[in-house]
Amino acid sequence: ARPAVVWDFYQNGCSLRLLCPQAFSPTVWHLLSILQEHFGSMAGANVYLTPPGTQGFAPHYDDIEAFVLQLEGKKHWRVYGPRSDAEVLPRFSSPNFTQAELGEPVLETVLEPGDLLYFPRGFIHQGDCLPDAHSLHITVSSYQRNTWGDLLEKLLPAALQMALEEDVEYRKGLPMDYLRYMGVANSDAVDTRRTAFIEKVQSLIKKLVDYAPIDAAVDQRAKSFLHDCLPPVLTESEKARSMYGFPARWQDGGPRDVDILITKDTEVCLLSHAIVRLCNEEAGVMLYYTTENSRVYHEEEPKFLEIDPEYTDSIEFLLSSYPNYVSVGTLPCETLEDKISLTTLLFEKGILTTKKPLVEV
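Named according to an unreviewed UniProt entry, the protein is Bifunctional lysine-specific demethylase and histidyl-hydroxylase originating from Cuculus canorus. The UniProt entry for the protein carries the following comment under Subcellular location (unreviewed entry): "Nucleus". Its UniProt record gives the protein the following Sequence similarities (unreviewed entry) comment, quoted word for word: "Belongs to the ROX family. NO66 subfamily."

Here it is as structure tokens:
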């Protein structure tokens, strides 16, 4: 985007939308990092600059929970409730509406710097600038595709697959003549075969609950969420007690190896409970983490470590111990070498902090 071109558009009444402000603003990064952990869902943001006397978007509703924070200038907002039950908490955003399609607003207000406006998914909204003032606001969003239905989309296919493998009832053939009495064309027919067929389908659906891998489906959603997450924001104290306290060292014109002294008495803790997720998958046990994510959405591939199954108890121990520090020697690994090896691996990925800054060897 060339500045002269951008400002030419602005002077001609166009609004500017700034994507991923968290990539450029540590303040926004910090805010979203806190909110994503609080909501257990991706928190995103866009910034909008609108010239005086203009309106950037037609009336519409979004598939997110939206929080509008006014930064500069003023903006006039009108918010309308869902027009029907079908538009309550929608999973997808709407097309643009005309004024004729809207009723009376449930809220009409002018935001000034420092004001915050919240509207839930499905609430139609439109904002326009007053003739004498521009507007700069940031919209923070969350809870996109984070519904019970989205969980069931993961869960039901997995439950059906498990039922097919373990229960012969799901593998039995359909009645040879079912096409003659089932289908929309036969929906009004009174037929005992239809009743039996429908009851059989209902029985198999109810039985699926017994095969539903609920925890595994939640883990898969958590895995996707961790890919969406921003990397954690570290305080200066956390930096000093983590891998980030060991900057690169140079010697004789090249990088010098830095050994980190971890012993059985070193006390460690997860940087945050929300930065890791342990998942059992077909390929093995995977530990997904956020510490190496980018501040730009999905710029990096999901980050994970393949974990030896014998280490899972130790990772669960670290999770259950958070936010308390535990000594490396108390980890439930078989040998002290394993305890130090696992701790070193997690420390080098920025997942662990130590109670005291480590000594560089």
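The rest of the description comes next.
Visitor: I tried to follow the overall build of the protein on my own but got confused; where do I start?
Guide: Scanning the protein from terminus to terminus reveals nine helices and 16 strands. For 361 residues, the compact-globule estimate of 2.2 N^0.38 gives 21 Å, and the C-alpha radius of gyration of the protein, at 27 Å, exceeds that figure by more than 25%. Each principal axis of the C-alpha distribution contributes one length, and for the protein these read about 80 × 70 × 35 Å. Buried positions account for 39% of the 361 residues belonging to the protein. Sequence-distant contacts, at least 24 apart, represent 79% of the contacts inside the protein between residues at least 6 apart. Carbon together with sulfur atoms contributes 55% to the accessible area of the protein, which is approximately 21,000 Å² in total.

Visitor: Help me understand the UniProt feature "domain: JmjC" (unreviewed entry) in the protein in this model?
Guide: Annotation from UniProt places "domain: JmjC" (unreviewed entry) at residues 14–159. Taken end to end, residues 14–159 is 18% helix and 33% strand, and its two terminal C-alpha atoms sit 50 Å from one another.

Visitor: Is there a simple way to think about the sheet that holds strand S15 (residues 326–327) in this case?
Guide: What holds strands together in a sheet is hydrogen bonding between their backbones, with the strands either parallel or antiparallel. The strand order S15-S11-S16 describes an open sheet built from three strands, whose pairing is antiparallel. Two strands lie at the open edges of the sheet, namely S15 and strand S16 (352–354), each paired on one side alone. Direction of pairing for strand S11 (residues 267–270) relative to S16: antiparallel, over a ladder of three bridges. From the neighbouring strand, Cys269 faces S16, where its bridge partner is Thr353.

Visitor: Can you walk me through the domain arrangement of the protein in this structure?
Guide: When cut into domains, the protein gives domain 1 (3–142), domain 2 (148–212) and domain 3 (216–354). Just the C-alpha atoms count here: the centres of domain 2 and domain 3 sit 44 Å apart.

Visitor: Could you clarify how one ought to interpret the pairing of S11 in this entry?
Guide: Walk down a regular strand and you will see the side chains alternate between the two sheet faces. By the bridge criterion, two bridges tie S11 to S15 in an arrangement that is antiparallel. Residue pairing for S15: Glu267 is matched across the bridge by Ser327.

Visitor: When you look at the sheet that holds strand S5 (residues 107–111) in this model, what are you seeing that I'm missing?
Guide: Strand order in the open sheet made by the three strands is S5-S4-S7, with antiparallel pairing throughout. Pairing within the sheet leaves two strands with one partner each, and these edge strands are S5 and strand S7 (124–128). Neighbour to neighbour, the strand axes of the sheet diverge by 15° on average, direction disregarded. Of the strand pairs in this sheet, strand S4 (residues 75–80) and S7 are connected by five bridges, and their pairing is antiparallel.

Visitor: Teacher, can you tell me more about the packing of aromatic side chains here?
Guide: By convention here, two paired aromatic rings are described through the distance between centres and the angle between planes. Tallied over the entire structure, the rule returns eleven aromatic pairs. Measuring from centroid to centroid gives 6.4 Å for Tyr181 and Phe197, while their planes differ by 80°, and the two rings are edge-to-face. Residue Tyr181 is found in helix H4 (residues 178–181), and its partner Phe197 is found in helix H5 (residues 192–207); the two are separated by 16 residues along the sequence. We classify Tyr181 as buried; its relative accessible area is 6%. Since its relative accessible area comes to 15%, Phe197 is described here as buried. What links up through ring pairs into an aromatic cluster is the set Phe39, Phe67, Tyr118 and Tyr143.

Visitor: For this particular structure, what's the right way to read the pairing of strand S3 (residues 65–73)?
Guide: Relative to strand S8 (residues 135–142), S3 is paired through eight bridges, and the arrangement is antiparallel. Across the sheet, the residue bridging to Glu65 is Ser142, located in S8. Pairing between S3 and strand S6 (residues 116–119): four bridges, direction antiparallel. Across the sheet, residue Val68 finds its bridge partner in S6, namely Leu117.

Visitor: I tried to follow the packing of helix H3 (residues 148–166) against helix H6 (residues 214–228) on my own but got confused; where do I start?
Guide: Their axes nearest at 9 Å, the elements H3 and H6 cross at an angle of 120°. With respect to H6, the element H3 is oriented oblique. As H3 runs across H6, the sense of the crossing is right-handed. In this structure, H3 contributes Asp150, Leu151, Lys154 and Leu155 to the contact, and H6 contributes Ile214, Ala217, Val218 and Arg221.

Cut-offs used in this document
Residues numbered from 1 in each chain as written. Predicted model: local features only at pLDDT ≥ 70, side-chain atom pairs only at ≥ 80, totals over all residues. Heavy atoms only, no water. UniProt positions renumbered as here; feature names shortened; annotations may be inferred. Helix = DSSP H or I, 4+ residues; strand = E, 2+ residues; numbered from the N terminus. Rg over C-alpha atoms; globule rule 2.2 N^0.38 Å. Buried < 20%, exposed > 50% of the residue type's maximum accessible area, 1.4 Å probe, protein only. Contact = heavy atoms within 4.5 Å. Areas by Shrake-Rupley, 256 points an atom, 1.4 Å probe, with all protein chains shown as cover. Pairing = 2+ DSSP bridges. Domains from an automatic or database assignment. Axes fitted to C-alpha atoms, helices over the stretch in contact; angles between N-to-C directions. Phe/Tyr/Trp six-rings, centres within 6.5 Å; stacked < 30°, edge-to-face > 60°. Parallel < 35°, antiparallel > 145°, perpendicular 65-115°, else oblique. Left-handed = near helix turned anticlockwise from the far one by under 90°.

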